[in-house]
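What follows is each chain in one-letter form.
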Amino acid sequence: MTMTDDHDAVSVEELVEYCRTQAGLLSGNVETIRAETEDLLDEIDEDIAEIRTRVADRSSGTEGPTASATTTGPNDPQSNLAEFEELEAELEEKQAIAEAKRARMAAFQDLAVAYIEVAEELESTIDDGRTALDRILRFEQDHDAPAYFDDRQTVLEAATGSDESSSE
């Protein structure tokens, strides 16, 4: 959408369509994030299964000879502890990433729903383009909408002459 100095040239219908398009784009991002999160959770499950197998192997003694006080090797308690601590740290990091993805997904979903609500509000209560444009500008500013669109300029950015999405 190209903004001009004549804000009345933008119709309510165009702004309603803009809101629906933004909601659709956000929903697409939610699906992408959901797929990434599912892949990461599968990876976490695989890591947990591997850790359980290692613990079972070590506790049943199938990993090789028992460590003596003078040996360091695959059954060395210190080396085993360090290895498990490293695996635990990797798992915790992956779990934190998955949680951040879930939070991001929820934020995108919330904004998509809010755009739909604004579209419905514009359709049912606003008759002129200027008022509709002002409503969208307030909405996008209140919700920090430009932060959600890396590859697309929002109405707020177009109206203010900034492009926050290219600064990331």
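Per-chain numbering applies: the sequence of each chain, read as written, is numbered from 1 onward. Selection of residues for local features in this predicted model requires a pLDDT of at least 70, selection of side-chain atom pairs for listing and counting requires 80 or more, and totals for whole chains, interfaces and linings are taken over all residues. With hydrogens and water set aside, each side-chain value is computed from the structure's full complement of heavy atoms.

**Some details on the overall build of the protein chain**
Right, so step 1: Each helix and strand counted, the protein chain has 4 helices and 0 strands in total.
Right, so step 2: Reading the secondary structure of the protein chain in the N-to-C direction produces α-α-α-α.
Right, so step 3: When a residue's accessible area, from a 1.4 Å probe over protein chains only, is under 20% of the maximum for its type it is buried; when over 50% it is exposed; and in between it is partly exposed. Relative to its 168 residues, the protein chain shows a buried fraction of 30%.
Right, so step 4: Sequence-distant contacts, at least 24 apart, represent 67% of the contacts inside the protein chain between residues at least 6 apart.
Right, so step 5: Of the accessible surface of the protein chain, which amounts to about 10,200 Å², a share of 48% is contributed by carbon and sulfur atoms. Secondary structure counts use DSSP, requiring at least four H or I residues in a row for a helix and at least two E residues in a row for a strand, with both numbered from the N terminus. Contacts are assigned to residue pairs that have any heavy atoms within 4.5 Å of one another. Methods summary: accessible areas were calculated by the Shrake-Rupley approach with a probe of 1.4 Å, and residue burial reflects only the protein chains presented.

**As for helix α3 (residues 129-142)**
Right, so step 1: When the terminal C-alpha atoms of α3 are compared, their 20 Å separation across 14 residues agrees well with the 20 Å that a helix rising 1.5 Å per residue should span.
Right, so step 2: Among all positions of α3, only G129, A132, L133, R135, I136, L137, F139 and E140 are buried.
Right, so step 3: Two residues or fewer after α3 comes D144, characterised by a positive phi angle close to 50°. Multiply 1.5 Å by the residue count of a helix minus one, and that product is the helix's expected span.

**Points about the nonpolar core**
Right, so step 1: One finds L15, C19, L26, Y115, L122 and I136 to be the most contacted residues of the largest nonpolar core, which totals 29 residues.
Right, so step 2: Those elements that place two or more of their residues in this core are α1 (12-60), α2 (77-125), α3 and α4 (155-160).
Right, so step 3: We call a set of buried residues a nonpolar core when its members are Ala, Val, Leu, Ile, Met, Phe, Trp, Tyr or Cys and they connect through side-chain atoms within 4.5 Å of each other. Ranked by size, the runner-up nonpolar core spans 6 residues in total, among them I44, L87, L91 and A98.

**Brief notes about the side chain of D47**
Right, so step 1: Relative to the helices and strands, D47 is located in helix α1.
Right, so step 2: Given the relative accessible area of 18%, D47 is considered buried.
Right, so step 3: Among residues more than four places away in sequence, those in contact with D47 are L91 and K94.

**Topic: the pattern of salt bridges**
Right, so step 1: Each salt bridge in this description consists of a side-chain nitrogen of Lys or Arg and a carboxyl oxygen of Asp or Glu lying within 4 Å of one another. Within the structure shown, the criterion is met by 10 salt bridges.
Right, so step 2: Note that E43 is salt-bridged to K94, the shortest N-O span being 2.7 Å. Of this pair, E43 sits in helix α1 while K94 sits in helix α2, placing them 51 residues apart in sequence.
Right, so step 3: With a closest N to O distance of 2.7 Å, R54 and E50 form a salt bridge. Taken together, the positions of R54 and E50, both in helix α1 and 4 residues apart, correspond to about one turn of that helix.
Right, so step 4: R54 sits in the partly exposed class, given a relative accessible area of 24%.
Right, so step 5: Beyond isolated ion pairs, a larger network of salt bridges with shared partners links E43, D47 and K94.

**Examining unusual backbone geometry**
Right, so step 1: Despite not being glycine, D144 shows a phi value in the positive range, around 50°.
Right, so step 2: Relative to the helices and strands, D144 resides in the loop between α3 and α4.

**Digging into the confidence of the model for the protein chain**
Right, so step 1: Across the chain, each position has a pLDDT score giving the predictor's confidence in that residue, from 0 to 100. On average, residues of the protein chain score 85 in pLDDT, and 82% of them are at 70 or above.
Right, so step 2: Residue range residues 1-5 is modelled with pLDDT below 50. Its contacts to residues more than four positions away, or to other chains, number 9 contacts.
Right, so step 3: Ignoring residues within four places in sequence, the model shows residues 65-71, a span with pLDDT below 50, making 6 contacts including any to other chains.

**A look at the packing of aromatic side chains**
Right, so step 1: Any two rings among Phe, Tyr and Trp, with Trp reduced to its six-membered ring, count as a pair given centres within 6.5 Å; such a pair is stacked if its planes are under 30 degrees apart, edge-to-face if over 60, and tilted if neither. Taken as a whole, this structure holds 4 aromatic pairs when the rule is applied.
Right, so step 2: Seen from their ring centres, Y115 and F139 are 4.8 Å apart, and the 70° between their planes marks the pair as edge-to-face. You can see Y115 sitting in helix α2 and its partner F139 sitting in helix α3, a full 24 residues away along the chain.
Right, so step 3: Residue classification places F139 among the buried positions, given a relative accessible area of 2%.
Right, so step 4: Each residue in the set Y18, Y115, F139 and F149 is aromatic and connected to the rest through ring pairs, giving one cluster.

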